[in-house]
Amino acid sequence: MAPSCASPSALALSSTTRVSLPLALALRQRPEACGPGARFRPSAACSWTPPLPSGLTAASPTAGARRGTGRAPPLFRPRALMTTSQIANAAFTWGTVAVLPFYTLMVVAPNANITKRTVESSAPYVALGLLYAYLLHLSWTPDTLRAMFASKYWLPELPGIVRMFASEMTVASAWIHLLAVDLFAARQVYHDGLKNNIETRHSVSLCLLFCPVGILVHVATKVLSGAVGRSH
């Protein structure tokens, strides 16, 4: 039986196949073949993934299908600007700083025109009211009213109030509430002092942190001033 002779084109094709297969395997195993600066990028062999921008996290396209929601979550999820604790701390700090100029003017220069014009402004009460409403919205839960009026007579009880103030947001909203009320009381004391020509610096200072004591001291000062005036 005569041996079969292969054509030159068939031999060349066989040789090319034997050379190409090792080359493809080498490219698959070479790490430098994949990456941002790679010269050769075989689509089937390269598995390099570009890095994600900072502050964003990738979500698996099939995560929603695995959970049975029927749709995949968004690819990128931006981080929240501020946490609940950070909002409460920022409101507490900036609310306190915002009222200090008004107390400073009423104590340092009670008879100055700039003090009288500034104290007459309603801007601080509007700002504190808006901030309080925002914090109240963040701290509100379905159990808030139940905790406030826990007794059978629909009156607040101390244990319920203590549970409410376990939250930082609730404490921050209560602090803003106190700042607004104390500043309003201090303004009333200041105006009463101007009207009756009574010293109010000490009373206004006490209204900042101990408002009921400041009001009591102002009433005592007014009574003593009237007694001294009648004696003269």
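Thresholds applied
Residues numbered from 1 in each chain as written. Predicted model: local features only at pLDDT ≥ 70, side-chain atom pairs only at ≥ 80, totals over all residues. Heavy atoms only, no water. Helix = DSSP H or I, 4+ residues; strand = E, 2+ residues; numbered from the N terminus. Core = buried A, V, L, I, M, F, W, Y, C linked by side-chain atoms within 4.5 Å. Buried < 20%, exposed > 50% of the residue type's maximum accessible area, 1.4 Å probe, protein only. Contact = heavy atoms within 4.5 Å. UniProt positions renumbered as here; feature names shortened; annotations may be inferred. Salt bridge = Lys/Arg side-chain N within 4 Å of Asp/Glu carboxyl O.

J.: Outline the environment of Ala127, listing residues and values.
T.: Inspection of the secondary structure assignment puts Ala127 in helix H5 (residues 123-139). Between the alpha carbons of Ala127 and Gly95 there is a distance of 9.2 Å; along the sequence they are 32 residues apart.

J.: Give a description of the nonpolar core that names residues and reports values.
T.: Residues Tyr103, Met106, Leu135, Leu183 and Val204 are the most contacted members of the largest nonpolar core, which totals 24 residues. Every element with two or more residues in this core is listed here: helix H3 (84-108), H5, helix H8 (168-196) and helix H9 (201-209). Per-element tally for this core: the top contributor is H8, with ten residues. Setting aside residues no more than four positions away along its own chain, Leu183 makes contact with Val99, Phe102, Tyr103, Met106, Pro124 and Tyr125.

J.: Pulling in residues and values, what's your account of the UniProt feature "transmembrane region" (unreviewed entry) in the protein chain?
T.: In this numbering, the UniProt entry assigns the feature "transmembrane region" (unreviewed entry) to residues 91-110, 122-140, 160-185 and 206-228. The annotated region residues 91-110 carries 90% helix and 0% strand content, and the separation between its end C-alpha atoms amounts to 28 Å. Structurally, residues 160-185 is divided into 88% helix and 0% strand, and its ends, taken at the C-alpha atoms, are 28 Å apart.

J.: Give a description of the pattern of salt bridges that names residues and reports values.
T.: Applying the stated criterion to the full structure yields two salt bridges. Here Asp192 and Lys222 are joined by a salt bridge, their closest N and O atoms 3.4 Å apart. A residue pair is termed long-range when its members are at least 10 positions apart, and Asp192 in helix H8 and Lys222 in helix H10 (residues 211-231) qualify at 30 residues.

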